[in-house]
Amino acid sequence: MEQNINKKVINTLSLGHFITDAYSGFLNPIMPFIAVKIGISMAVATVLISISNLTSSLSQPFFGYIADKWQRRFFIFWGMIMASVFLSFLGLAHNIYTLIICLVLGHMGVSFFHPQATSIVSNYSKCMTNSKDIGIFIATGTFGFALGPAVSSGIAQLWGLEKLPFACFIGIITAFILLKNVPKIKNSGIEKPKVSLTGALSEIFHNKPVSVLVAASIVKSFVVSSFSIILPFYWKSIGYNVSTIGIILLMFMLTGAFGVVSSSLFEKRIGIKNVFYVSLISVTPLGIIFYCCGGKGLIGLISFILIGYVSFLAVPVNMALAQRLMPEFKSMISGFIGGFSWGVIGLVLPLVSLLAEKAGIMNILLFMTFIPLIFSYFIKYLPESSDNIR
């Protein structure tokens with residue numbers, strides 16, 4: 001009976017993750033067209049994306065800390081409501097101010113959902129000796145994020161951006177399904193944090209392996225964000241339409257989702273460290289191939305899609321390992337690994353876009369692919385396997 005309840009909770013939260021992240025994937029393929037509609041440049045558009053990422057992603061550890069303290073379903077329910085409504089209403093933005101409101105509140109909803117949902121999945125999981133359950137949960141989110149660009153670009157192509165708000169109803173319905181199937185967690189016996197927010201932050205960043213894991217998630221986010229946000233502007237400049245861009249991004253994220261699904265298999269066979277080495281080092285040669293193909297053609301697109309696969313390969317291992325290293329801060333850890341890393345990248349993306357306008361998008365992206373290779377040096381500080389933890 002207990003196993004059935006656990007499975008139901010994990011499956012429901014995975015569905016919620018799929019839907020929530022689908023909304024978070026709406027923006028990238030339609031942003032160049034929204035920018036033209038309201039009259040802003042690529043640099044300004046990237047700044048707006050960064051603002052929304054900063055206000056939401058950087059606050060995820062704080063939301064995670066509060067979620068651990070409150071132990072209620074508040075964040076998963078209202079997070080999905082906010083994400084579905086405001087990110088669907090991006091299509092109605094008619095000036096920079098309404099665009100900012102939709103971006104900030106929509107992505108705030110996404111950041112509400114993730115820390116608490118990931119923590120609940122971890123608590124109901126019966127196989128946290130590896131990354132299987134957390135991998136399934138993350139994979140569904142990645143599949144959702146992969147589907148999001150195809151949905152938003154498809155609606156824009158067929159009916160126009162003004163029809164995008166109708167997509168919000170799926171998220172609203174799913175929010176009430178979450179409320180029905182996920183039990184109340186207040187007074188559930190899950191231990192609450194005993195230290196203050198600053199004390200929790202101090203403990204987390206004085207743990208060297210956890211610090212490496214947070215940094216690894218930042219590097220992954222850097223690669224994925226640079227390619228998925230900046231490349232649509234390049235493809236638009238060479239004549240790709242909105243639906244084509246959406247399909248390419250869909251393939252990129254779908255292979256990333258398959259990387260997430262296969263993560264636990266790699267972990268069992270080659271160990272934690274080697275999963276990270278494969279994930280980080282492989283980006284560089286694939287990036288070189290993509291650059292040499294000019295970002296187009298069959299070989300170029302295959303190399304781009306494979307960058308998605310290897311970039312996401314270590315994500316579940318990263319999350320599961322970090323939570324096992326510091327189980328007393330599960331929601332906060334998920335906030336750092338799953339959200340904070342994207343927010344940090346938001347700080348540098350405007351600079352990256354400016355450099356791309358000056359030096360060329362493809363040249364900058366080639367440079368980006370060497371960062372994971374350099375960072376792979378620090379993987380030596382991680383444990384060899386999950387059996388070595390505590």
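For the structure itself, look to the data block above.
My aim in this report is to walk through the structure given alongside it, one point at a time. The shown structure was predicted, so the numbers you read here are calculated from the model rather than taken from an experiment. (Residues numbered from 1 in each chain as written. Predicted model: local features only at pLDDT ≥ 70, side-chain atom pairs only at ≥ 80, totals over all residues. Heavy atoms only, no water.)

Comments concerning helix α6 (residues 96-124)
Residue pairs spaced three or four apart in an α-helix point in one direction, given the helix's 3.6 residues per turn. Let me state the cut-off plainly: Numbering goes from the N terminus for both helices and strands, where a helix is a DSSP run of H or I of at least four residues and a strand is a run of E of at least two. Helix span is expected to be 1.5 Å times the residue number reduced by one. Exposure categories follow from relative accessible area, calculated using a 1.4 Å probe and restricted to protein chains: below 20% of the type maximum is buried, above 50% is exposed, and the middle band is partly exposed. Pairs of N or O atoms within 3.5 Å make up the polar contacts considered here, provided that, within protein, one atom can donate a hydrogen while the other can accept it, and that residues adjacent in sequence are counted only when both atoms are side-chain atoms.
For α6, which comprises 29 residues, the first-to-last C-alpha distance of 42 Å matches the rise-based estimate of 42 Å (1.5 Å per residue) to within 8%. With 22 of its 29 residues buried, α6 lies for the most part within the structure. With a side-chain oxygen positioned 3.0 Å from the backbone nitrogen of Tyr97, the residue opening α6 is Asn95.

Quick word on the packing of aromatic side chains
As a reminder, the rule being used: When two rings of Phe, Tyr or Trp (its six-membered ring) have centres within 6.5 Å they constitute a pair, described as stacked for plane angles under 30 degrees, edge-to-face for angles over 60, and tilted for the intermediate range.
Considering all chains together, one arrives at 14 aromatic pairs under this definition. Taking the centre distance of 5.3 Å and the plane angle of 85° together, the rings of Phe75 and Phe112 count as edge-to-face. Here Phe75 is found in helix α5 (residues 74-88), whereas its partner Phe112 is found in helix α6, with 37 residues between them in sequence. Each member of the pair Phe75 and Phe112 is classed as buried.

Overview of the side chain of Ser303
The condition is simple: The contact criterion used is simple: two residues touch if any of their non-hydrogen atoms lie within 4.5 Å.
Residue position: Ser303 is located in helix α15 (residues 297-312). The buried category is assigned to Ser303, whose relative accessible area is 3%. Within polar-contact distance, the side chain of Ser303 engages the backbone oxygen of Gly300 at 2.7 Å. If near-sequence neighbours (up to four positions away) are discounted, Ser303 is found in contact with Leu286, Ile289 and Phe290.

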